[in-house]
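# Coordinates in review
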Amino acid sequence: MTTTTRLDQAQVAVLASLVPGGILDVESIARSARLTMWRTRNAVSELSSRGLIVGRQRGGRGTWEITDRGRRTLSTRGRYYR
């Protein structure tokens, strides 16, 4: 069974900030997406659990990168993911 869930505005903003190919930490994502740290952390957590972004360790800091699945989701204007 496939479920379809709508992405919220914060999740779309996080994906959009990562789409140019950047590998960003949460603070940089928050600045780029113009979100609070709280909303950014929640969006990152949700997107990560759905496989739309992936975490990396760089210089002792956690960074995030968009996945191919995340790019496809964003190309549907962030409306839905499967």
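Just above sits the structure.
For every chain, the first residue of its written sequence is number 1, and the numbers climb from 1 along that sequence. Local features in this predicted model are restricted to residues whose pLDDT is 70 or higher, and side-chain atom pairs enter the listing and the counts only when it is 80 or higher, whereas totals over whole chains, interfaces and linings include all residues. Water and hydrogen atoms play no part in the side-chain values, which are based on all heavy atoms of the structure.

### Here's the deal with the packing of helix 2 (residues 26-33) against helix 3 (residues 37-49)
For helices, the fitted axis covers only the stretch in contact; all axes are lines through C-alpha atoms, and the angles between them, taken along N-to-C directions, range from 0 to 180 degrees. Note on conventions: DSSP H or I runs of at least 4 residues are helices, E runs of at least 2 residues are strands, and numbering of each starts at the N terminus. Contact geometry of helix 2 with helix 3 gives a least axis separation of 9 Å together with a crossing angle of 110°. With respect to helix 3, the element helix 2 is oriented roughly perpendicular. Helix 3 is crossed by helix 2, and the crossing has right-handed handedness. In this structure, helix 2 uses Val26, Glu27, Ile29 and Ala30 to contact helix 3, whose residues at the interface are Met37, Thr40, Arg41 and Val44. Angle categories: roughly parallel below 35 degrees, roughly antiparallel above 145, roughly perpendicular from 65 to 115, and oblique for all the rest. By definition, turning the near helix anticlockwise from the far helix through less than a right angle yields a left-handed crossing, and turning it clockwise yields a right-handed one. Any two residues whose heavy atoms approach within 4.5 Å are treated as being in contact.

### Description of the packing of helix 1 (residues 9-18) against helix 2
Pairs of packed helices are described in terms of their axes, by the angle between the two and the distance that separates them. One way to put it is that helix 1 packs onto helix 2 with a least axis distance of 9 Å and a crossing angle of 105°. Classified by the angle their axes make, helix 1 and helix 2 are roughly perpendicular. The residues of helix 2 that touch helix 1, namely those facing Ala13, Val14, Ser17 and Leu18, are Ile29, Ser32 and Ala33. Polar here means any residue outside two lists: the nonpolar Ala, Val, Leu, Ile, Met, Phe, Trp, Tyr, Cys and Pro, and the charged Asp, Glu, Lys and Arg; Gly therefore counts as polar. Across the contact of helix 1 with helix 2, the residue classes break down as 5 nonpolar, 2 polar and no charged.

### What to know about the nonpolar core
Ranked by size, the top nonpolar core spans 17 residues in total, and within it Val14, Leu15, Leu18, Leu47, Ile53 and Trp64 carry the most contacts. If you list the elements that add at least two residues to this core, you get helix 1, helix 2, helix 3 and strand 3 (61-66). Residues within four places of Val14 in sequence aside, it is in contact with Ile29, Ala33, Leu35, Ala43, Val44 and Leu47. As used here, the term nonpolar core means buried Ala, Val, Leu, Ile, Met, Phe, Trp, Tyr and Cys residues forming a set that is joined through side-chain atoms within 4.5 Å. Buried residues are those whose accessible area, probed at 1.4 Å on protein chains only, stays under 20% of the maximum for their type, while exposed residues exceed 50% and partly exposed ones sit between those limits.

Honestly, it's all geometry; don't read function into it.
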